[in-house]
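So the chains spell out like this:
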Amino acid sequence: QVQLVESGGGLVQPGGSLRLSCTASGSILSNNVMGWYRQPPGKERELVASITADYITNYADSVKGRFTVSRENAKNTVYLQMNSLKPEDTAVYYCRHRRPAYMRQYQYDYWGQGTQVTVST
């Protein structure tokens, strides 16, 4: 079992910055992928950014150039630095921690509880 603890959400003005963090604990294996998803009000959940154990990143087009995902493997923590925030960034942000593998007994996929990010005056 893997547990995820998220922090850093809150209320921020347009153009402001916010940094989210997510720490995994429990039966963690190497070669995992960590990332962030978000779900705006009334919309489907979507990928924001992800990062592999080898630090390969992937971003949604809507956040490229504004958001940066990073990780500290020794602490099993993933971060999301959000700059130049817009009202349309308002959503519940979810941390995801998963491990792809050919054999299913070595695979896992866990989600955090989510943290609210509100961009408004």
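Preceding this section is the structure that the text describes.
1. Section: the overall build of the protein chain
1) Next: Each helix and strand in the protein chain was counted, giving zero helices and eleven strands.
2) Next: Order of helices (α) and strands (β) in the protein chain, N terminus to C terminus: β-β-β-β-β-β-β-β-β-β-β.
3) Next: Radius of gyration (C-alpha) of the protein chain: 14 Å, near the 14 Å computed for a compact globule of 121 residues.
4) Next: Oriented by its inertia axes, the alpha-carbon framework of the protein chain measures out at about 45 × 25 × 25 Å.
5) Next: When the 121 residues of the protein chain are sorted by exposure, 41% land in the buried category.
6) Next: Put simply, 55% of the contacts in the protein chain that link residues at least 6 apart link residues at least 24 apart.
7) Next: Carbon and sulfur atoms make up 47% of the accessible area of the protein chain, which totals about 6,800 Å².
8) Next: Counting 13 positive and 9 negative side-chain charges, the protein chain places the averaged centre of each group 3 Å from the other.

2. Considering the sheet that holds strand S8 (residues 77–82)
1) Next: With antiparallel pairing, four strands are arranged side by side in an open sheet as S1-S3-S8-S7. Of all the strands in the sheet, just strand S1 (2–7) and strand S7 (67–72) have a single pairing partner and so form its edges. Taken over all neighbouring pairs, the strand axes of this sheet differ in orientation by 15° on average, direction set aside.
2) Next: Across six bridges, the pairing between S7 and S8 is antiparallel. By the bridge assignment for S8, Glu 72 is matched with Thr 77.

3. Here we look at the environment of Tyr 108
1) Next: Tracing the backbone through its elements, the reader meets Tyr 108 in strand S10 (residues 108–111).
2) Next: For Tyr 108 and Asn 32, which are 76 residues apart along the polypeptide, the C-alpha to C-alpha distance reads 9.0 Å.
3) Next: Here the side chain of Tyr 108 touches Leu 29 through a polar contact of 3.0 Å, landing on its backbone nitrogen.

4. Here we look at the nonpolar core
Buried together is how nonpolar side chains tend to be arranged in soluble globular proteins.
1) Next: Trp 36, Leu 80, Met 82 and Tyr 93 are the most contacted members of the largest nonpolar core, which totals 27 residues.
2) Next: Of all the elements in the fold, those that place two or more residues in this core are S1, strand S3 (18–26), strand S4 (33–39), strand S5 (46–52), S7, S8, strand S9 (91–99) and strand S11 (115–119).
3) Next: When residues in this core are grouped by element, the largest group, four residues, is from S3.
4) Next: Aside from chain neighbours lying at most four places away, what touches Tyr 93 is Glu 6, Leu 20, Trp 36, Tyr 37, Arg 38, Val 48, Phe 67, Leu 80, Met 82, Gly 114, Thr 115 and Val 117.

5. Some remarks on the side chain of Asn 32
1) Next: Its place among the elements puts Asn 32 in the loop between S3 and S4.
2) Next: A polar side-chain atom of Asn 32 sits 2.6 Å from a polar atom in the side chain of Arg 71.
3) Next: Each residue touching Asn 32, except ones within four places of it in the same chain, is listed here: Ile 51, Thr 52, Ala 53, Arg 71, His 97, Arg 98, Arg 99 and Tyr 108.

6. Some details on the pairing of S1
1) Next: Of the two faces of S1, the one lined by Val 2, Leu 4 and Glu 6 is fully buried and the one lined by Gln 3, Val 5 and Ser 7 carries no buried residue.
2) Next: Relative to S3, S1 runs antiparallel, the two sharing six bridges. Within the sheet, the bridge partner assigned to Leu 4 lies in S3 and is Ala 24.

What counts as what
- Residues numbered from 1 in each chain as written.
- Predicted model: local features only at pLDDT ≥ 70, side-chain atom pairs only at ≥ 80, totals over all residues.
- Heavy atoms only, no water.
- Helix = DSSP H or I, 4+ residues; strand = E, 2+ residues; numbered from the N terminus.
- Rg over C-alpha atoms; globule rule 2.2 N^0.38 Å.
- Buried < 20%, exposed > 50% of the residue type's maximum accessible area, 1.4 Å probe, protein only.
- Contact = heavy atoms within 4.5 Å.
- Areas by Shrake-Rupley, 256 points an atom, 1.4 Å probe, with all protein chains shown as cover.
- Lys, Arg positive; Asp, Glu negative; His and termini not counted.
- Charge placed at Lys NZ, Arg CZ, Asp CG, Glu CD.
- Pairing = 2+ DSSP bridges.
- Axes fitted to C-alpha atoms, helices over the stretch in contact; angles between N-to-C directions.
- Polar contact = N/O pair within 3.5 Å; in protein donor to acceptor, adjacent residues only side chain to side chain.
- Core = buried A, V, L, I, M, F, W, Y, C linked by side-chain atoms within 4.5 Å.

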